[in-house]
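Take a look at the letters that make up each chain.
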Amino acid sequence: MSYPSCFARHVADVAAVLTHPVLVGRILRRGNSGISVTSQLLHVVLFSLRYADTESWLPRNLMYIQWPAIARIIIFGGAIAIPIAMAYRASTEGRIILSRANTSRVLSEMLIYIVPAFLIAYRFNYTCFSWVENGSFCLPPQYFLNPPEDTDVWDDWDLPETWHPQTPSYSPFSTLLDYFSVRDLVNMDKRQAYEVAWSTSIFLAAIADIPQYITYYRHVQKKVDWWLVSSLALAALSRTFYMVHWVLRYIGFWSWDPVGFVGGLVQVLAFLLFLVLVVKKVIDVLSESNKDLEAQIREFDPRWGQGSEAEIPVVDVEKK
């Protein structure tokens, strides 16, 4: 892996690590106002799916643990720390973050985001039953790193039969049945389950902050909460540098991650749209506030804004 690609990935990891501590600090300082419980629980779900295989990253001797595994542990721990901090802050105010009345609402909102993410990841993932362009192909990892011109070379790789390309076939009904094929789900092995879980987490991350955007947009008035916005900006910055990482890998090694790139692009564009709408709302609220203040002053003194009728004496002082 080239140095620029490694640097971009390390910057993305650092930004992801800082995302949750910033939000925890904001909760402990200013409370839970403007923070969506749904989004924070969705983050716990998506990082649980994404790092389900963290055990395979851990060495037997933890003295030799490397940065990727450390970053995973910190990020997942930070995602869990946010609901805990929200519950603690609510308890200090004599409240609870999930009452019986809104628990079902939060769970239904979570399913609205989790189910589509899983259905998309079910076919657009890294396993041998993922759909690629014009049909179902099962290609080995070596193919993406060094695509052979002659497909007969696959026979020299001594690959399982499932790795060989399958002839695509299309019809409206067969395609729909193949997409929701339960057979693939039942026959999925452990490695494939990890890949589908990872893809689900990427697509879920692209939309998991939407409840947070909606909640804060309704909450914000005259001042931007820079703690909260900074946390969201760090998450978007992390995905931006991950996309840079994959672009550099594609340039250098003809290898890239379409799932991560598309999911990251949607997440970054959603954050930019949210930022523009929030800043616009704050400006509009401040403008309306100034107009209301002038109206109140005019009601008290109709002469507000008019020129003075009295003459102002001018003292002419000459230097003697």
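Parameters and conventions
Residues numbered from 1 in each chain as written. Predicted model: local features only at pLDDT ≥ 70, side-chain atom pairs only at ≥ 80, totals over all residues. Heavy atoms only, no water. Helix = DSSP H or I, 4+ residues; strand = E, 2+ residues; numbered from the N terminus. Buried < 20%, exposed > 50% of the residue type's maximum accessible area, 1.4 Å probe, protein only. Contact = heavy atoms within 4.5 Å. Areas by Shrake-Rupley, 256 points an atom, 1.4 Å probe, with all protein chains shown as cover. Phe/Tyr/Trp six-rings, centres within 6.5 Å; stacked < 30°, edge-to-face > 60°. Lys NZ or Arg CZ within 6 Å of the ring centre and 35° of its normal. Axes fitted to C-alpha atoms, helices over the stretch in contact; angles between N-to-C directions. Parallel < 35°, antiparallel > 145°, perpendicular 65-115°, else oblique. Left-handed = near helix turned anticlockwise from the far one by under 90°. Nonpolar A, V, L, I, M, F, W, Y, C, P; charged D, E, K, R; others polar. Expected span 1.5 Å × (residues − 1). Polar contact = N/O pair within 3.5 Å; in protein donor to acceptor, adjacent residues only side chain to side chain. pLDDT = per-residue confidence, 0-100. Salt bridge = Lys/Arg side-chain N within 4 Å of Asp/Glu carboxyl O.

Quick word on the overall build of the chain
A tally of helices and strands in the chain yields 13 helices and two strands. Taking all 320 residues of the chain together, the buried fraction comes to 38%. Once local pairs closer than 6 in sequence are excluded, the contacts in the chain between residues at least 24 apart make up 79%. Carbon together with sulfur atoms contributes 64% to the accessible area of the chain, which is approximately 20,100 Å² in total.

Digging into the packing of aromatic side chains
For the structure on display, the rule yields six aromatic pairs. Their ring planes at 25 degrees and their centres at 5.8 Å tell us that Phe47 and Tyr51 sit as a pair that is stacked. Side by side, Phe47 and Tyr51 carry an identical accessibility label, which is buried. Ring pairs connect the aromatic residues Tyr213, Tyr216, Phe271 and Phe274, which therefore count as one cluster. Over the aromatic face of Trp198 sits the side chain of Arg50, whose NZ or CZ is 5.9 Å from the ring centroid. Sitting over the face of the ring of Tyr217, Lys281 holds its NZ or CZ atom 4.8 Å from the ring centroid.

Re the packing of helix 5 (residues 100–121) against helix 10 (residues 190–207)
Close contact between helix 5 and helix 10 brings their axes to 8 Å; oriented N to C, the two are set at 130 degrees. As the angle between them shows, helix 5 and helix 10 are arranged oblique. Judged by the twist between their axes, the crossing of helix 5 over helix 10 is right-handed. Contacts from Tyr113, Ile114, Ala117, Phe118, Ile120 and Ala121 in helix 5 reach Val196, Ser199, Thr200, Phe203, Leu204 and Ile207 in helix 10. Per-class residue counts for the contact of helix 5 with helix 10 are 10 nonpolar, two polar and no charged.

A word on the packing of helix 2 (residues 37–50) against helix 11 (residues 210–219)
The interhelical angle for the contact between helix 2 and helix 11, taken along N-to-C directions, is 160 degrees, at an axis separation of 7 Å. In terms of orientation, helix 2 lies roughly antiparallel with respect to helix 11. Seen along the crossing, helix 2 lies across helix 11 with a hand that is left-handed. Together, Thr38, Ser39, Gln40 and Leu42 of helix 2 and Ile210, Pro211 and Gln212 of helix 11 make up the contact between the two elements. Each residue belonging to the contact of helix 2 with helix 11 can be placed in one class, and the counts come to three nonpolar, four polar and no charged.

Notes on helix 12 (residues 226–253)
An α-helical segment advances 3.6 residues per turn. Residues three or four places apart therefore align on the same side. Between its terminal C-alpha atoms helix 12 stretches 39 Å, which fits the 40 Å expected from 28 residues at 1.5 Å a residue. Capping the start of helix 12, Asp225 holds a side-chain oxygen 3.3 Å from the backbone nitrogen of Trp227, two or three residues further along. Within two residues after helix 12, Trp254 carries a phi angle of roughly 55 degrees, on the positive side.

Considering helix 10
With 18 residues, helix 10 extends 26 Å from end C-alpha to end C-alpha; this agrees with the ideal 26 Å at 1.5 Å per step. All of the buried residues in helix 10 are Gln192, Val196, Ala197, Ser199, Thr200, Ser201, Ile202, Phe203, Leu204, Ala205 and Ala206. Its side-chain oxygen 3.3 Å from the backbone nitrogen of Arg191, Asp189 forms the N-cap of helix 10.

Regarding the confidence of the model for the chain
Considering every residue of the chain, the mean pLDDT works out to 78; 72% of them sit at 70 or more. Looking across the chain, the model is least confident in strand 2 (residues 135–136), with a mean pLDDT of 36, and most confident in helix 2, with 95. Note that pLDDT drops below 50 for residues 132–148; the model gives that stretch 42 contacts with residues more than four away or on any other chain.

Focus: the side chain of Ser199
Looking at where Ser199 falls in the secondary structure, it is placed in helix 10. With a relative accessible area of 0%, Ser199 lands in the buried category. Those residues within four positions of Ser199 in sequence are excluded, and the remaining contacts are Ala121, Phe124, Asn125, Tyr126 and Val259.

Some points on the pattern of salt bridges
If you walk through the whole model with that rule in mind, you get seven salt bridges. A salt bridge links Arg30 to Asp225, with the shortest nitrogen-to-oxygen separation between them at 3.3 Å. A residue pair is termed long-range when its members are at least 10 positions apart, and Arg30 in helix 1 (residues 3–30) and Asp225 in the loop between helix 11 and helix 12 qualify at 195 residues. Classification of Arg30 as partly exposed rests on a relative accessible area of 42%. Of the charged contacts in the structure, one is a salt bridge between Asp284 and Lys280, with a shortest N-O distance of 3.1 Å. Taken together, the positions of Asp284 and Lys280, both in helix 13 (residues 258–300) and four residues apart, correspond to about one turn of that helix. One continuous salt-bridge network, built from bridges that share partners, spans Arg26, Arg30 and Asp225.

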